[in-house]
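# Structural features, examined
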Amino acid sequence: MSIVLFSCELDKAMAALVIANGVAAMGGQATIFFTFWGINVLRKETPVTVNGKTFMDKMFGWMMPKGTDAVPLSRMHMGGMGTAMMKWRMASKNLPNLPGLLSEAKRNGVRMVVCSMSLDAMGLKMEELLDGVEIGGVADFVGSANECGKSIFI
Amino acid sequence: MSIVLFSCELDKAMAALVIANGVAAMGGQATIFFTFWGINVLRKETPVTVNGKTFMDKMFGWMMPKGTDAVPLSRMHMGGMGTAMMKWRMASKNLPNLPGLLSEAKRNGVRMVVCSMSLDAMGLKMEELLDGVEIGGVADFVGSANECGKSIFI
Amino acid sequence: MSIVLFSCELDKAMAALVIANGVAAMGGQATIFFTFWGINVLRKETPVTVNGKTFMDKMFGWMMPKGTDAVPLSRMHMGGMGTAMMKWRMASKNLPNLPGLLSEAKRNGVRMVVCSMSLDAMGLKMEELLDGVEIGGVADFVGSANECGKSIFI
């Protein structure tokens, strides 16, 4: 299955990874294409020094959420309180969390591809993203969707 | 067609049901997987007494929209005014409404599956949801998408 | 590929067109179904005089964004400032813009279909939309998804 993750929201990123891991658990091949805001999910938490960033790139980097722990809920974020409550709630019920789902996806062989155009738009460099992530373009998504015949956009 | 309804918004729920009913009308099999916020669309309007709910479960239940009449528009909700206006507008033009689309889907044999993990995250029990709804997991969605080859995420 | 564009947001409309153009560039057939809010992306910027509009239709027309230049970002719109900044940013990096992607899609033979029910709900007439757009219904989407086997909902 080819999954486009366009959003940088906790709940939507979890949905993408739960589905990808479900596909992998059933013996299938899943690829997640991180585009536009979605790339922020893959950012490293610790600052990475990168050359060649404009002032605007830096400002964008500062304004966008930094990785799995920083992404907000799409509803009921309530200045962070709702998101914290939901994380605590899901942990207390032994439900999965985003960093855990991401590690599981890596172990399961889920391919993770970052859209090169979006990387440029967001002003991010590959060094700022988690390891084990490939770079790709829209042709990769279309090719993968053609091959597997199933695609979703989150 | 396998449709994931992730949102609890009036317009998106209507889109899911219009497509599912369209598939059914053309002789196909449609399944809607209600996940995360989407489960709230299926809540009964009248309160149901359920045992074993924590304080947090109750609080979530109180904060989330309760069924087809309570779900807001994704845009122009304007504290309820925009949503009420849109409903009135669509009724006056004889366009479908959400409760009507849901009954039609049942009559048409559209399968409605609720994600068990999301039920847990939202703190809801099956008794609080409309009748005729099944419980399932991510494997059901992946299996159904594999079988029919077409999936969308709303 | 059958693409449903449900949102009238700049970033999501661009995603739909980038994917459609990608499919066309690889020799495939792409169709975009503009539904609900998505129709606003196709509105002409200059006012068109149309008969038979109710007061509510006019009010909706006035409240909804008018075409490719008016649609906001789904995040960081910040009263228009964030959207203007992103447009300027993408132009300075030679990344595509929405009017350009729309012209490219037309040249590439991407089919653009407007949902008749949504047109009614939004209170818009075909004369108010860009040229080269067809009118259709949910059956067209289901038929097209059946034929090509790949569908996404944006």
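So, here's what we can say about the structure. Not measured: the values here are computed from a predicted model.

## Looking at the overall build of chain A
Of regular secondary structure, chain A possesses 6 helices and 5 strands. Beginning at the N terminus, the succession of helices and strands in chain A can be written as β-α-β-α-α-α-β-α-β-α-β. A compact globule built from 154 residues would reach a C-alpha radius of gyration of about 15 Å, and chain A, at 15 Å, matches this within 12%. For the C-alpha atoms alone, the extent of chain A along its principal axes is close to 45 × 40 × 25 Å. By residue count, 57% of the 154 residues in chain A fall in the buried class. Across chain A, contacts joining residues at least 24 apart in sequence account for 74% of those joining residues at least 6 apart. Accessible area of chain A: about 6,200 Å², with a carbon and sulfur share of 55%. Averaging the positions of the 15 positive and the 13 negative side-chain charges in chain A gives two centres separated by 6 Å.

## A short note on the interface of chain C and chain A
Residue-level contacts link 28 residues of chain C with 29 residues of chain A. Between chain C and chain A the total buried area reaches about 2,500 Å² when both faces are included, carbon and sulfur atoms providing 75% of it. At the boundary of chain C and chain A, one finds 4 salt bridges. Arg-89 of chain C is the salt-bridge partner of Asp-57 of chain A, the closest N and O atoms lying 2.9 Å from each other.

## Considerations on the pattern of salt bridges
Residue and element names in this part refer to chain A. Throughout the structure, instances matching the rule amount to 21 salt bridges over all chains. In this structure, Glu-9 engages Lys-12 in a salt bridge whose closest nitrogen and oxygen atoms are separated by 3.9 Å. Residue class for Lys-12 comes out buried when judged on its relative accessible area of 12%.

## Focus on the relation of the copies chain C and chain A
For the pair of chain copies, the relating operation is a rotation around an axis with a shift along it. Superposition record for chain C on chain A: RMSD 0.0 Å, screw rotation 120 degrees, translation along axis 0.0 Å. The symmetry that links the two subunits is that of a three-fold axis. Identified as the residue of chain C closest to the rotation axis by C-alpha distance is Ile-152 of chain C, at 3.2 Å. Here only 14% of the interface residues in chain C have copies in chain A that are interface residues too; the copies meet through unlike faces.

## Examining helix α2 (residues 55-63) of chain C
Within α2 of chain C the residues assigned to the buried category are Met-56, Asp-57, Phe-60 and Gly-61 of chain C. For α2 of chain C, the angular spread of the buried residues around the axis is 140 degrees, confining them to a single face. Along α2 of chain C, the residues that are exposed and aim more than 90 degrees away from the buried face are Phe-55, Lys-58 and Trp-62 of chain C. Residues of α2 of chain C that are buried make contact with α3 (81-92) of chain B together with α5 (116-122) of chain C.

## Description of the sheet that holds strand β3 (residues 111-115) of chain A
Residues and elements named next belong to chain A. Pairing in this open sheet of 5 strands is parallel, and the strands run β4-β3-β2-β1-β5 from one edge to the other. The open sheet is flanked by β4 (134-136) and β5 (151-153), the only strands paired with a single partner. Ignoring which end each strand starts from, the neighbouring axes of this sheet average 25 degrees apart. As judged from the 4 bridges shared by strand β1 (residues 2-5) and strand β2 (residues 31-34), these two strands associate in the parallel manner. Bridge pairing links Leu-5 to Phe-34 in β2. Packed on one face of the sheet, helix α6 (residues 138-148) meets β1, β2, β4 and β5 and runs near 145 degrees to β1.

## Let's talk about the side chain of Lys-12 of chain B
Note that Lys-12 of chain B resides in helix α1 (residues 10-25). Contact partners of Lys-12 of chain B, with chain neighbours within four places excluded, come to Leu-5, Ser-7, Ser-74 and Ile-154 of chain B together with Phe-6 of chain C.

## A short note on the environment of Gly-67 of chain C
Residues and elements named next belong to chain C. Mapped onto the fold, Gly-67 is located in the loop between α2 and α3 (81-92). Between the alpha carbons of Gly-67 and Leu-42 there is a distance of 5.3 Å; along the sequence they are 25 residues apart. Apart from residues no more than four positions distant in its own chain, Gly-67 is found in contact with Asn-40, Val-41 and Arg-43.

## A few points about the environment of Val-110 of chain C
Residues and elements named next belong to chain C. Here Val-110 shows up in the loop between α4 (98-107) and β3 (111-115). When the C-alpha positions of Val-110 and Gly-28 are compared, they lie 9.4 Å apart, and in sequence the two are 82 residues distant. Those residues in contact with Val-110 that lie beyond four places of it in its chain are Ala-20, Asn-21, Ala-24, Ala-30, Ile-32 and Ala-105.

## What about the pairing of strand β1 (residues 2-5) of chain C?
Residues and elements named next belong to chain C. Judged by which residues are buried, β1 turns out to be covered on both faces: Ser-2 and Val-4 on one side and Ile-3 and Leu-5 on the other are all buried. Read from β1 through helix α1 (residues 10-25) to strand β2 (residues 31-34), the crossover connection turns out right-handed. Pairing geometry for β1 and strand β5 (residues 151-153), over 3 bridges, is parallel. Looking at β5, one finds that Ile-3 is bridged to Ile-152.

## Notes on the sheet that holds β2 of chain C
Residues and elements named next belong to chain C. Strand order in the open sheet made by the 5 strands is β4-β3-β2-β1-β5, with parallel pairing throughout. The sheet is open, and its two borders are formed by β4 (134-136) and β5, each paired with just one other strand. Going across the sheet, the axis of each strand differs from the next one's by a mean of 25 degrees, ignoring polarity. Pairing geometry for β2 and β3, over 4 bridges, is parallel. From the neighbouring strand, Thr-31 faces β3, where its bridge partner is Arg-111. Contacting β1, β2, β4 and β5, helix α6 (residues 138-148) crosses the sheet at an angle of about 145 degrees to β1.

Calculation rules
- Residues numbered from 1 in each chain as written.
- Chains lettered and ligands numbered in written order.
- Predicted model: local features only at pLDDT ≥ 70, side-chain atom pairs only at ≥ 80, totals over all residues.
- Heavy atoms only, no water.
- Helix = DSSP H or I, 4+ residues; strand = E, 2+ residues; numbered from the N terminus.
- Rg over C-alpha atoms; globule rule 2.2 N^0.38 Å.
- Buried < 20%, exposed > 50% of the residue type's maximum accessible area, 1.4 Å probe, protein only.
- Contact = heavy atoms within 4.5 Å.
- Areas by Shrake-Rupley, 256 points an atom, 1.4 Å probe, with all protein chains shown as cover.
- Lys, Arg positive; Asp, Glu negative; His and termini not counted.
- Charge placed at Lys NZ, Arg CZ, Asp CG, Glu CD.
- Buried area = accessible area lost by both parts, 1.4 Å probe.
- Salt bridge = Lys/Arg side-chain N within 4 Å of Asp/Glu carboxyl O.
- Least-squares fit on C-alpha atoms with pLDDT ≥ 70 in both.
- Arc of directions from axis to C-beta.
- Pairing = 2+ DSSP bridges.
- Axes fitted to C-alpha atoms, helices over the stretch in contact; angles between N-to-C directions.
- Right-handed = clockwise from strand over helix to strand, strands pointing away.

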